[in-house]
Structures are given as C-alpha cells and as structure tokens.
Amino acid sequence: MSKRYGGTLAVDGLSAVVGPGRVTGLLGPNGAGKSTALRVLLGLDRPTSGCALVDGRRYADLADPLHTVGAHLDARSVHPGRSARDHLLALARSNRIAARRVGEVLEQVGLAAVARRRIGTYSLGMGQRLGIAAALLGDPGILVFDEPVNGLDTDGVRWIRGLLRGLADEGRTVLVSSHLMAEMHQTADHVVVLGRGRKLADCATEELADRADDTVVLRSPDPDAAERLRAALPAAAVTAARHDPGELHVTGADERQVGEAAHGRGVVVHHLARRPSTLEAGYLRLVGDDIEYAGRPSAPEGS
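This report concerns the structure included in the present document.

Calculation rules
- Per chain, residues are indexed from 1 in the order of the written sequence.
- In view of the model being predicted, local features appear only for residues whose pLDDT reaches at least 70, and side-chain atom pairs are presented and counted only at 80 or more, with totals across whole chains, interfaces and linings using the full set of residues.
- Hydrogens and water are ignored here; the side-chain numbers use all heavy atoms of the structure.
- Elements are defined by DSSP. Helices are runs of H or I of four residues or more, strands are runs of E of two residues or more, and each kind is numbered from the N terminus.
- Neither His nor the chain ends contribute to the count of charged residues, in which Lys and Arg are positive and Asp and Glu negative.
- For charged residues, the charge sits on one atom: NZ in Lys, CZ in Arg, CG in Asp, CD in Glu.
- A pair of strands is considered paired only if DSSP assigns at least 2 bridges between the two.
- Throughout, an axis means a line fitted to C-alpha atoms (over the contacting stretch in the case of helices), and angles, computed between N-to-C directions, take values from 0 to 180 degrees.
- Throughout, a contact is declared for two residues whenever any of their heavy atoms are within 4.5 Å.
- Residue types Ala, Val, Leu, Ile, Met, Phe, Trp, Tyr and Cys, when buried and joined through side-chain atoms within 4.5 Å, form a set referred to as a nonpolar core.
- Throughout this description, buried means an accessible area under 20% of the type-specific maximum (1.4 Å probe, protein chains only), exposed means over 50%, and partly exposed covers the range between.
- Should an angle fall under 35 degrees it is called roughly parallel, over 145 degrees roughly antiparallel, and 65 to 115 degrees roughly perpendicular, with every other angle called oblique.
- Put simply, a crossing is left-handed when the front helix is turned counterclockwise from the back one by less than a right angle, and right-handed when it is turned clockwise.
- Here the aromatic set is Phe, Tyr and Trp, taking the six-membered ring for Trp, and pairing holds for ring centres within 6.5 Å; pairs whose planes are under 30 degrees apart are stacked, those over 60 apart are edge-to-face, and all others are tilted.
- Remark: a charge is flagged as sitting over a ring if the NZ atom of Lys or the CZ atom of Arg is within 6 Å of the ring centre and within 35 degrees of the ring normal.
- What counts as a salt bridge is simple: a side-chain nitrogen of Lys or Arg found within 4 Å of a carboxyl oxygen of Asp or Glu.
- Expected helix span is computed as 1.5 Å times (number of residues minus one).

## Examining the overall build of the chain
Here's step 1: Scanning the chain for helices and strands turns up 11 helices and 12 strands.
Here's step 2: Each principal axis of the C-alpha atoms in the chain carries an extent, and together these give about 75 × 45 × 40 Å.
Here's step 3: Put simply, the chain has 37 plus and 37 minus side-chain charges, and the middle of one group is 8 Å from the middle of the other.

This is the structure we're talking about:
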C-alpha cells in the first residue's frame, strides 16, 4: 500500500500482515507514516495504490465494523459536552450493540464512577481510557490503538500493558502504534518499523533488540578515563552518559576486555557491568538515517 499527499509520499509500498494472538507494535520516528497507515487501514484515508484489509475486506465494506475491529486513534475526538455514558450509548445504538455493554466497558477501563461527567472535564488519561472503552464496545477480534499510553500515569500504563497482553492472549489481533520503546519491549511480541514511509523491519521484538550490541557500563572518577579506554580499545565505541560524565558506555567489547583495558591503562573502576541490548537500541540503530525531524547535538561550551 502506498499513500501520497500532493508531492509527499507518506507511505511507500508497505506490505505487512498483523496476525492474531499477539501484540504487534507499529514503530517509527515522527513522519515515518505510522498514523497514515492506520488511517488508511480504518478507511479514513484512501490509498494512492494498493489496499489495506481487515479480515480480507476493506473497512468500508464491513457490515458491522465495531463488531470486527475496535480502534482508538485520538483521545480528544469526542464531543466535550456529552457524558462518557451517552457517548458510548450512541455508539452502541448505531452499531446494534446491546446497551449493557456500555456499563461493562466503563467498568473494564475504570470510568464507571465518572460515567455521567462531561467528557470536556476529563484529563487526557481519562480520555484515553474512554477511547479504549469505545474500541472494546463491540467485543471485536481486532484492536487498533495509536499511542494509547499518552497521558496515563504509572498505574494506567501498567493497566494498559496488562489489557493489551490479555486481549492478545484471548486470540485477538492487537496493533499498537507507539514511540515508547521501553514500553513496547515489555508489551509487543512483534514489531513493524517504518522510516520515511518505508518498511525497515518486520520481525519479533527480541530479534530487533538483538540487532544492537550489549553495552558495558563503567563508572570511574578519572576525568580522562574515556580517552584512555578508546586508546586501549580502538575497535570499540566509548561514550560518556549525558547525565553523568563519570559513567561510560562501551559497545563492541565485552566485560573482560573492558576490565583488562581499564587495568592496563590505569583507569580506576568503581563499577563495571554488562547492560543487555534493548529494543530502543536496536530501533535507533535501524532508523538512524530515517529520522526526518532530528535535532542537532548541542555544541560544546566555548565553540
């Protein structure tokens, strides 16, 4: 599927299958085409070429869409003057869903106590919960969420993580767009990574994480520790942590090599440990050249 807006190719020949029984993360930098892909999938935009299908059909051809696919793309795309209960009740009646489901999903997302409050008084996190309730209303086998943890507190993030995993464990298809790599590492079984509209990866989450080297973390009070380690380990990358110049991160060498290099160069070591590779590290290595809106690093003082 491809989608062009004027002279901008937002999605470029994307082919992917999102299967049941797992959480699939749709990842990518700003401008990668994630939201466009979801909008095409849900019939909000027409593709320039190709197609996006839900259970083998276009979204517009689904007889009872909320029974097949539940989606939440924007926590603020609801009438602020309505109550949460009335909003969900209107959706239920227009999609031939039993009214009892409104109370059930409000309980499920933790909004039952505030169901009669106007949505305009809701926080962003409460709006996210309401959008998720709407997606669950028809008890669909397919769920699509765009940045569902935005605005949620720590307890809310833990709750949505459990919800997504539970839905997948029931055999449902769960597709989640997110920029939170640490959260996706804990939640997603599979990832599809986009960069400038193109698919860069379509693999198991751990496979992408494993594309990055493990990092050896070393702490030293020596101000020239990094320089001495670089001289001893010319094939490795040695960088100082942004929050603490005394913490060094070494990739391309294991703990033994780093420890021996530090000893050989007279570097005082207060801490030395291996940090396993992460989804974020694998993701950044993959999309480094495809970040459209990247800030320039700060210039050193006095430059």
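There is more to say after this.
## Concerning the sheet that holds strand S4 (residues 69–72)
Here's step 1: Spatial ordering of the open sheet is given by S4-S5-S6-S3-S7-S8, a layout of six strands whose pairing is mixed. Of all strands in the sheet, those with a lone pairing partner are S4 and strand S8 (198–204), marking the two edges. Across this sheet, the average inter-strand angle for adjacent strands is 15°, counted without regard to direction.
Here's step 2: Pairing geometry for strand S3 (residues 22–27) and strand S6 (residues 173–177), over five bridges, is parallel. The partner of Thr24 across the bridge, within S6, is Leu175.
Here's step 3: Against the sheet, helix H1 (residues 34–41) touches S3, strand S5 (142–146), S6 and strand S7 (190–195), its axis set at about 145° to S5.

## Focus: the nonpolar core
What tends to happen in soluble globular proteins is that the nonpolar side chains get buried as a cluster.
Here's step 1: Counting 49 residues, the largest nonpolar core has Leu27, Leu88, Leu111, Ile132, Leu136, Ile160 and Val193 as its most contacted members.
Here's step 2: Residue contacts for Leu136: discarding those within four places in its chain leaves Arg101, Val105, Gln108, Val109, Leu143, Leu163 and Leu167.
Here's step 3: Of all hydrophobic cores here, the second largest spans 19 residues; its members include Val11, Ala52, Val54 and Val144.

## A short note on the packing of helix H3 (residues 84–94) against helix H5 (residues 124–136)
Here's step 1: The geometry of H3 relative to H5 is characterised by a closest axis approach of 10 Å and an angle of 25° between their N-to-C directions. On the basis of their axis angle, the class for H3 and H5 is roughly parallel. Our pair here, H3 against H5, has a crossing hand that is right-handed. Residues Ala84, His87, Leu88 and Leu91 of H3 form the contact with H5, whose own contacting residues are Leu130, Ala133 and Ala134.

## Topic: the sheet that holds strand S11 (residues 247–251)
Here's step 1: The strand order across the open sheet formed by four strands is S10-S11-S9-S12, and the pairing between neighbours is antiparallel. With partners counted over all chains shown, the strands left at the sheet margins are strand S10 (237–240) and strand S12 (271–275), one partner each. Strand-to-strand twist in this sheet, taken as the mean axis angle between neighbours without regard to direction, amounts to 20°.
Here's step 2: The pairing of S10 with S11 spans four bridges and is antiparallel. If you follow Ala240 over to S11, its bridge partner there is Leu248.
Here's step 3: Across the sheet, helix H9 (residues 225–232) lies against strand S9 (215–219), S10 and S11, angled at about 175° from S10, the strand it touches most.

## Points about the environment of Leu41
Here's step 1: Here Leu41 shows up in helix H1.
Here's step 2: Under the relative-accessibility criterion, Leu41 is labelled buried at 16%.
Here's step 3: As a C-alpha pair, Leu41 and Ser94 span 53 residues in sequence and 21 Å in three-dimensional space.

## Comments concerning the environment of Ile119
Here's step 1: By the element assignment, Ile119 lies in the loop between helix H4 (100–109) and H5.
Here's step 2: For Ile119 and Leu164, which are 45 residues apart along the polypeptide, the C-alpha to C-alpha distance reads 24 Å.
Here's step 3: Beyond its immediate stretch of four places on either side in the chain, Ile119 contacts Val78, His79, Pro80, Arg82, Ser83, Ala84, His87 and Leu130.

## A few points about the packing of aromatic side chains
Here's step 1: Counted by the stated rule, this structure contains zero aromatic pairs.
Here's step 2: Here the basic side chain of Lys3 rests over the ring of Tyr5, its NZ or CZ set 5.0 Å away from the ring centre.
Here's step 3: The ring of Trp159 carries the charged tip of Arg129 above its face, separated from the ring centre by 4.5 Å.

## Digging into the pattern of salt bridges
Here's step 1: This structure, assessed with the given rule, holds 19 salt bridges.
Here's step 2: Linking Glu183 and Arg161 is a salt bridge whose minimum nitrogen-to-oxygen distance equals 2.9 Å. Of this pair, Glu183 sits in helix H7 (residues 181–187) while Arg161 sits in helix H6 (residues 154–169), and the two are 22 residues apart along the sequence.
Here's step 3: Here Asp169 makes a salt bridge to Arg165, at a shortest N to O gap of 3.5 Å. Linking Asp169 with Arg165, this pair stays in helix H6, spanning four residues, or about one helical turn.
Here's step 4: Several salt bridges share partner residues, and in doing so they unite Arg100, Arg101 and Glu104 into one network.

## Points about H5
Here's step 1: When the terminal C-alpha atoms of H5 are compared, their 19 Å separation across 13 residues agrees well with the 18 Å that a helix rising 1.5 Å per residue should span.
Here's step 2: Where burial is concerned, most of H5 is hidden: 12 out of the 13 residues are buried.
Here's step 3: When H5 is considered as a whole, its buried residues turn out to be Gly125, Met126, Gly127, Gln128, Arg129, Leu130, Gly131, Ile132, Ala133, Ala134, Ala135 and Leu136.
Here's step 4: Buried residues in H5 make contact with helix H2 (65–68), S4, H3, H4, S5 and H6.

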